Amino acid sequence: MSKEHTHSDSLQYPDLAHLPSDPALRMKAMESLLVEKGLVKPETIDAYIEKFEHEIGPHNGARVVARAWVDAAFRERLLRNATGAVRELGFIGSQTTDVVAIENTPDVHNLVVCTLCSCYPWTLLGLPPSWYKSYAYRSRVVREPREVLKEFGVELGEDVEVRVWDSTAEVRYLVVPERPAGTEEMSEEALAAVVTRDSMIGAAKLEV
Amino acid sequence: MDGVHDMGGMHGFGKVPYEKDEPTFHHEWERRVWGLCQGSTYPDCANLDYGRHSIELMPPDLYLSYSYFERWLYSLTTTLLSGELVTLEEVQVLRHAQMPQAQRRSIPMRTMSIVAKLMQGRCSKLGTA
């Protein structure tokens, strides 16, 4: 047996079956243990929560999309090398080291999934919603994306091609939704306010 | 590796539980699990791929019955165990964990004493305590 294999097995078999069944209790117990052992500080936990619940979120991705709508050169850079383009706006960080932007058009609708787990561009969109992480979404969306989209309220004509992008270990996708009609006069800032999280996953179309 | 986590194309999971504008966390414990997983010290070998792998190694019945953040907590636990930052004995002691003080304090003393008596067999139902 190779070393690597032994290592994997050692991860697989710890007897955790008798831990408390209530996840809140399990969490509290684990937190207490790690704090006691000096492996984490409660205020560090608080800080991460604060950051991801209030600072980092879809408003970041919305800024990228709005910029792409108003600035043709930026849009081109974004579609060619999204990692570099989002960096121009200061978005560097967790799960955003290899970003690919894909653009929805009247002919093509893009939709993002992580069938294996929950990969998602945190720095641009925050943490993924529960439905994105659900077994139903992960299993179905690569098989019947039109049906799933219909359930989300997105009806696509038969002539619209649907492309589903399955995140890899490294690549994070950002959908650039179609700019809605009637927004021609809006400022970049006002446009950013129109862009929703779901539209940047491909799970919604935008209207104003 | 092949496993239950490789869900693309599977049947039987029903409708997507779509919730418009849902909050980042639905329960306080989910918020803490996530923060704990972010803030914890890890073994040197543990990177993002390692964490993902530790979830993929979960027994399939556990994987399917655990919610998302329960899987994260499981992954954190097995990862710290494999790096010997915590021991199995320490983790197994957690089975005796009590609810946090704040919540225990919220239980009225009268209820506590009734329960204590019940457990000692000194009365047969709440009304007789």
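Residues numbered from 1 in each chain as written. Chains lettered and ligands numbered in written order. Predicted model: local features only at pLDDT ≥ 70, side-chain atom pairs only at ≥ 80, totals over all residues.

*Asks:* Which parts of the structure should I look at to understand the packing of helix H2 (residues 23–36) of chain A against helix H4 (residues 68–82) of chain B?
*Replies:* For any two helices packed against each other, the geometry is given by the interaxial angle and the distance between the axes. Here H2 of chain A crosses H4 of chain B at 30°, and the two axes come no closer than 11 Å. For the element pair H2 of chain A / H4 of chain B, the angle class is roughly parallel. As for how H2 of chain A packs across H4 of chain B, the hand of that crossing is left-handed. Contacts between H2 of chain A and H4 of chain B involve Pro23, Arg26, Met27 and Met30 of chain A from the first element and Glu70, Leu73 and Thr77 of chain B from the second. Among the residues making up the contact of H2 of chain A with H4 of chain B, the classes are represented as 4 nonpolar, 1 polar and 2 charged. (Axes fitted to C-alpha atoms, helices over the stretch in contact; angles between N-to-C directions. Helix = DSSP H or I, 4+ residues; strand = E, 2+ residues; numbered from the N terminus. Parallel < 35°, antiparallel > 145°, perpendicular 65-115°, else oblique. Left-handed = near helix turned anticlockwise from the far one by under 90°. Contact = placed C-beta atoms within 7 Å. Nonpolar A, V, L, I, M, F, W, Y, C, P; charged D, E, K, R; others polar.)

*Asks:* So what exactly am I meant to see when it comes to the interface of chain A and chain B here?
*Replies:* For interface size, the figure often reported is the accessible area lost on association. Listed by partner, the interface residues are 53 residues for chain A and 50 residues for chain B. Elements with a contribution of two residues or more to the side of chain A that touches chain B: helix H1 (3–12), H2, helix H3 (42–55), helix H8 (130–133), helix H9 (135–140) and helix H10 (145–151) of chain A. With 11 residues, H2 of chain A is the largest single contributor of residues to the side of chain A that touches chain B.

*Asks:* Help me out: how do you make sense of the nonpolar core in this one?
*Replies:* As a rule of thumb, soluble globular proteins bury nonpolar side chains together. Counting residues in hydrophobic clusters, the biggest one holds 64 residues, and the most contacted among them are Val65 and Leu174 of chain A together with Val33, Leu36 and Leu73 of chain B. Element by element, the count of residues in this core is highest for H4 of chain B, at 7 residues. (Core = buried A, V, L, I, M, F, W, Y, C linked by C-beta atoms within 7 Å. Buried ≥ 20, exposed ≤ 12 C-beta atoms within 10 Å, placed from the backbone.)

*Asks:* I would appreciate a short explanation of H4 of chain B in the present structure.
*Replies:* Residue pairs three or four apart in sequence face the same way in an α-helix, which turns once every 3.6 residues. Helix length check: H4 of chain B, at 15 residues, gives a terminal C-alpha distance of 21 Å against a target of 21 Å (1.5 Å per residue), a fit within 8%. Positioned one or two residues after H4 of chain B, Glu84 of chain B has a phi angle of 60°, which is positive. (Expected span 1.5 Å × (residues − 1).)

*Asks:* What am I meant to see in the pairing of strand E4 (residues 172–176) of chain A here?
*Replies:* Regular strands place side chains that alternate from one sheet face to the opposite one. Of all 5 residues that make up E4 of chain A, 5 are buried, and the element is covered over most of its length. Burial of E4 of chain A is two-sided: the residues Arg172, Leu174 and Val176 of chain A facing one way and the residues Tyr173 and Val175 of chain A facing the other way are all buried.

*Asks:* Just to check I follow, could you spell out the pairing of strand E2 (residues 108–113) of chain A for this structure?
*Replies:* Residue and element names in this part refer to chain A. The buried fraction of E2 is high, at 5 of 6 residues. Pairing of E2 with strand E3 (residues 161–166) involves 6 bridges; the strand directions are parallel. Each bridged residue has a counterpart across the sheet, and for Leu111 the counterpart in E3 is Val164. (Pairing = 2+ DSSP bridges.)

*Asks:* How do you make sense of the environment of Pro177 of chain A when you look at a structure like this?
*Replies:* Residues and elements named next belong to chain A. Relative to the helices and strands, Pro177 resides in the loop between E4 and helix H11 (188–194). For the pair Pro177 and Ala62, spaced 115 residues apart in sequence, the C-alpha to C-alpha distance is 10.0 Å. Leaving out residues up to four positions away in the same chain, Pro177 has contacts with Val65, Asn104, Val195, Ser199, Met200, Lys205 and Leu206.

*Asks:* Which parts of the structure should I look at to understand the confidence of the model for chain B?
*Replies:* In low-pLDDT regions, the fine details of the predicted coordinates are not to be read closely. Residue and element names in this part refer to chain B. Across chain B, the average pLDDT comes to 77, with 72% of residues at 70 or higher. Here helix H6 (residues 101–105) is the element of chain B with the lowest mean pLDDT, 41, and helix H1 (residues 28–39) is the one with the highest, 93. Across residues 100–108 the pLDDT falls below 50, and counting only partners more than four positions away or on other chains, this stretch makes 4 contacts in the model. Scored as a whole, the predicted complex attains pTM 0.83, and scored at its interfaces, ipTM 0.86. (pLDDT = per-residue confidence, 0-100.)

*Asks:* What's the story with the domain arrangement of chain A in this structure? I'm lost.
*Replies:* Domain parsing of chain A yields domain 1 (23–55) and domain 2 (57–201). Computed over C-alpha atoms only, the centres of domain 1 of chain A and domain 2 of chain A are separated by 31 Å. (Domains from an automatic or database assignment.)

*Asks:* What exactly am I supposed to notice about the confidence of the model for chain A here?
*Replies:* Averaged over all residues, the pLDDT of chain A is 90; the fraction at 70 or higher stands at 90%. Low pLDDT, under 50, characterises residues 1–13 of chain A; the predicted model gives this stretch 8 contacts beyond four residues in sequence or across chains.

*Asks:* For this particular structure, what's the right way to read the packing of H3 of chain A against H1 of chain B?
*Replies:* H1 of chain B packs onto H3 of chain A with a crossing angle of 110° between their chain directions and a minimal axis gap of 8 Å. Our classification of the angle between H3 of chain A and H1 of chain B gives roughly perpendicular. Facing H3 of chain A, whose interface residues are Thr44, Ile45, Asp46, Tyr48 and Ile49 of chain A, H1 of chain B presents Arg31, Arg32, Trp34, Gly35, Leu36, Gln38 and Gly39 of chain B. Residues that form the contact of H3 of chain A with H1 of chain B fall into these classes: 5 nonpolar, 4 polar and 3 charged.

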